[in-house]
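Observations on the model geometry
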Amino acid sequence: MEIAQIAIIASKEFRDRIRNRWVLAVALVFSAFALVIAYFGAAQQGSVGFHAIDVTIASLVSLVIYLIPLIALILGFDAIVGERERGSLDLLLSMPITRLELLLGKYFGLAAALAFSTVTGFGLAAIALSPQLDLNALIHYAGFMLSSVLLGCAFLSLAVMLSVFATDRTRASGLAIAMWFFFVLVFDLLLLGALVVTGGQWGGEILPYLLLANPADVFRILNIFTLDDVRSLYGLTTVFPPALANPWLLGLVMLAWIAAPLGIATWRFRK
Amino acid sequence: MADISPMQTEMDTGTAVIVARGVRKHYGPIHAVDGVDLDIRAGELFGLIGHNGAGKSTLFKMMLGLIPATAGEIRIDGARVGGGNFRAVRRAIGYLPENVVLYDNLTGLETLHFFARLKGVSPAECGPALERVGLAPSAKRRVREYSKGMRQRLGFAQALLGKPRILFLDEPTSGLDPEAIRSFYAVLRQLRSEGVTMVITSHILAEIQERVDRLAIMTAGKIQATGTVQALREQMDLPLWFTVHVAREDFEAVRAALGHLPVGAIDAHDDHVTVQCRREIKMAVIEALATLNGRVRDVSVREPSLEDVFFGFSD
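Treat the numbers as computed from the prediction; the structure is a model and nothing was measured.

1. Brief notes about the overall build of chain B
When you go through chain B residue by residue, the secondary structure sums to 11 helices and 14 strands. For chain B, with 315 residues in total, the buried portion stands at 40%. Contacts in chain B between residues far apart in sequence, at least 24 positions, make up 70% of those at least 6 positions apart.

2. Things to note about the pairing of strand β2 (residues 30-41) of chain B
Residue and element names in this part refer to chain B. In this sheet, β2 lies alongside strand β1 (residues 16-27) in antiparallel orientation, the contact comprising nine bridges. Opposite His26, over in β2, you have His31 as the bridge partner. Adjacent in sequence and paired antiparallel, β1 and β2 are bridged by two residues, among which Gly28 carries a positive phi angle near 60°.

3. Describing unusual backbone geometry
All names here are of chain B. A positive phi is found at Glu171, a non-glycine position, where the angle reads about 45°. Mapped onto the secondary structure, Glu171 falls in the loop between β7 (166-170) and α6 (178-193). For Glu171, a count of 19 C-beta atoms within 10 Å corresponds to the partly exposed category. Notably, Ala220 is not glycine yet its phi reads approximately 45°, a positive angle. Locating Ala220 in the fold gives a position in the loop between β9 (214-219) and β10 (222-227). The partly exposed category is assigned to Ala220, around which 15 C-beta atoms lie within 10 Å.

4. A look at the sheet that holds strand β12 (residues 266-268) of chain B
Residues and elements named next belong to chain B. Taking strand neighbours across the sheet as the criterion, the four strands line up as β12-β13-β11-β14 in an open arrangement whose pairing is antiparallel. Whereas interior strands pair on both sides, the edge strands pair on one side only; in this sheet they are β12 and β14 (296-302). Strand-to-strand twist in this sheet, taken as the mean axis angle between neighbours without regard to direction, amounts to 20°. Bridge count between β12 and strand β13 (residues 272-277): three bridges; the pairing is antiparallel. Following the sheet pairing, Ile266 is matched in β13 by Val275. The strands touched by helix α9 (residues 251-258) are β11 (240-246), β12 and β13; relative to β12, the strand with the most contacts, the crossing angle is about 175°.

5. Comments concerning the sheet that holds β9 of chain B
All names here are of chain B. The six strands are arranged β6-β7-β8-β3-β9-β10 in an open sheet whose pairing can be described as mixed. At either margin of the open sheet sits one strand with a lone partner, and together these are β6 (93-96) and β10. The sheet shows a mean angle of 15° between the axes of neighbouring strands, direction not considered. Of the strand pairs in this sheet, β6 and β7 are connected by four bridges, and their pairing is parallel. Bridged to Ile93 within β7 is Ile166. In the packing of helix α5 (residues 148-160) onto the sheet, the strands contacted are β6 and β7, and the crossing angle to β6 comes to about 170°. Contacting β3 (45-50), β9 and β10, helix α11 (residues 306-314) crosses the sheet at an angle of about 40° to β9.

6. A closer look at α9 of chain B
Residues and elements named next belong to chain B. When we look at burial in α9, the residues that qualify are Val254, Ala257 and Leu258. Seen from one end, α9 has its buried residues packed into an arc of 85°, which puts them on one side. Residues of α9 that are buried in the fold lie against β11, β12, β13 and α10 (282-290).

7. As for the nonpolar core
Ranked by internal contacts, the top residues of the largest apolar core, which has 159 residues, are Leu156, Ala159 and Val160 of chain A together with Met63 and Met198 of chain B. Broken down by element, the residue count for this core peaks at 16 residues, all from helix α7 (residues 135-165) of chain A. Aside from chain neighbours lying at most four places away, what touches Met63 of chain B is Ile18, Ile74, Ile76, Val81 and Phe168 of chain B. The next biggest cluster of nonpolar side chains, apart from the first, holds nine residues, and it includes Phe242, Val244, Val246 and Val285 of chain B.

8. Concerning the interface of chain A and chain B
Taken together, the 16 residues of chain A in the interface contact 17 residues of chain B. At the level of secondary structure, the elements contributing two or more residues to the side of chain A that touches chain B comprise α1 (3-19) and α5 (89-93) of chain A. The greatest single-element share of the side of chain A that touches chain B, amounting to five residues, is contributed by α1 of chain A. Tallied by class, residues from the side of chain A that touches chain B come to six nonpolar, five polar and five charged.

9. Focus on the environment of Val196 of chain A
Relative to the helices and strands, Val196 of chain A resides in helix α8 (residues 169-197). A sequence separation of 183 residues divides Val196 of chain A from Glu13 of chain A, and the C-alpha atoms of the two residues are 46 Å apart.

10. Points about the confidence of the model for chain B
Residue and element names in this part refer to chain B. Here chain B averages 85 in pLDDT, and 95% of its residues register 70 or above. Across chain B, the secondary-structure element scoring lowest on mean pLDDT is α11, at 77, and the one scoring highest is helix α3 (residues 108-119), at 94. Every residue in residues 1-13 scores below 50 in pLDDT, and together they form 18 contacts with partners more than four places removed in sequence or on other chains. The ipTM value of the predicted complex is 0.83, and its pTM value is 0.82.

Conventions used here
Residues numbered from 1 in each chain as written. Chains lettered and ligands numbered in written order. Predicted model: local features only at pLDDT ≥ 70, side-chain atom pairs only at ≥ 80, totals over all residues. Helix = DSSP H or I, 4+ residues; strand = E, 2+ residues; numbered from the N terminus. Buried ≥ 20, exposed ≤ 12 C-beta atoms within 10 Å, placed from the backbone. Contact = placed C-beta atoms within 7 Å. Pairing = 2+ DSSP bridges. Axes fitted to C-alpha atoms, helices over the stretch in contact; angles between N-to-C directions. Arc of directions from axis to C-beta. Core = buried A, V, L, I, M, F, W, Y, C linked by C-beta atoms within 7 Å. Nonpolar A, V, L, I, M, F, W, Y, C, P; charged D, E, K, R; others polar. pLDDT = per-residue confidence, 0-100.

As structure tokens, this is what we get:
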């Protein structure tokens with residue numbers, strides 16, 4: 001494997017997103033949401049203004065869990081199928097580059113664009129809030145940003161996998177939307193439904209493990225469990241065993257969610 | 001022409017740069033390529049012609065390693081296509097696909113820079129490559145503003161990056177105007193003089209018949225014949241066409257002069273007659289016409305075109 005070939009593809013993908021202002025648009029969206037939530041998140045309770053980073057992060061988690069998977073899926077669903085459908089894939093593959101290098105280059109370039117816009121967007125909000133944040137709050141916020149990047153990378157990996165399997169862009173976009181619905185909206189409802197239907201007889205013990213089967217849930221747990229105030233607010237301490245709540249372990253699970261779809265995509269793309 | 005067997009494939013692989021042996025590509029019951037043996041020699045301009053769906057593009061893609069063969073083997077410069085050391089060979093290959101799709105958001109120069117980096121070629125080569133295909137004035141325009149012909153030329157410039165020793169050109173003149181086609185073949189002539197091996201597909205047979213060194217006729221996934229255009233003409237034994245310009249009142253004299261020769265039907269037109277004959281009696285026909293003593297105003301002899309040869313093999 002030649003790293004230089006991966007870097008060439010990745011830098012092109014990244015520069016394309018910079019050039020077409022995709023990165024700027026996403027960063028601005030993240031900044032605006034972060035500032036609005038930080039200042040107006042407690043408006044329903046009758047107060048306006050920044051209160052505490054834990055509450056802000058908890059609100060942002062609820063937003064990010066919808067937004068970042070969607071953005072990542074939109075970003076990556078046509079990474080390969082788009083090249084194939086346009087007819088540029090053959091030319092690319094006739095170059096001295098392997099399929100693995102092409103796939104990884106695409107992935108890393110798109111991941112860099114997503115990570116850059118996420119860090120820039122939330123980072124700008126952090127700069128605006130910094131006079132009111134102590135070091136501990138900044139560390140928490142940085143953890144939130146990092147986990148947001150990981151969440152984006154996991155869904156981007158799923159999107160790239162779809163783009164390898166799909167036969168055309170239309171199908172790939174349909175599959176991406178279906179995937180978003182499943183992981184973000186349906187998955188938790190299914191688990192809850194199973195719990196309710198069986199009167200809590202089924203799933204109680206394996207529920208925490210099943211939550212790891214969804215990167216969106218891993219992201220939620222990763223953030224909520226690092227915030228003491230919010231953990232009790234969510235009542236998660238009673239559901240999730242502390243042994244599984246280790247941020248490093250959850251971080252590894254997230255990395256597995258990045259690696260596994262990419263591995264499957266590579267296997268399929270090489271066939 | 002079912003009785004015409006394929007020409008013996010040259011087995012002198014000593015100078016062959018591209019060697020295909022028993023290559024097949026099956027998609028379920030469809031045999032897109034069905035047992036192809038081919039040798040393409042170093043420095044030659046080799047044409048691959050056939051109907052749509054004959055298997056040319058599939059064979060092309062297998063030669064480039066874009067799709068794997070179901071059976072058989074292709075070697076380029078001695079390296080097995082798709083094998084571990086094929087990356088090095090790829091650096092010596094230029095490819096112009098049939099439908100050149102480049103990146104609309106990049107300029108012509110940026111496009112070449114991107115491909116140059118992938119090929120490990122100095123970006124300094126990009127300017128001269130654009131110059132060579134006549135796109136230097138448009139180097140800084142975005143590809144989305146390029147016409148189809150300009151995109152084709154940019155694709156050709158991309159294929160020329162890195163001074164490739166082997167060029168694969170799939171329908172390279174599609175979308176080019178006559179002047180650009182002439183410039184394109186001028187570049188090919190120059191490349192041939194530099195020893196570059198080129199494989200070209202085209203459905204414009206008249207365009208390539210005088211330009212290729214050898215060609216292969218492909219139908220239904222098989223190579224029907226391989227050789228020079230002249231060798232294929234001779235193998236097909238297609239008739240020559242004489243057009244004899246004479247006054248209408250001399251038509252019968254022409255018939256009489258040729259009456260003793262085994263020529264085909266003599267057709268009368270307004271101011272000329274046409275006659276078909278076999279190659280071996282060509283001189284006898286000329287001598288017979290010479291006996292008409294000045295009544296013949298002009299004679300032209302047309303060799304069977306590549307199109308005639310192609311249909312002879314493919315029908």
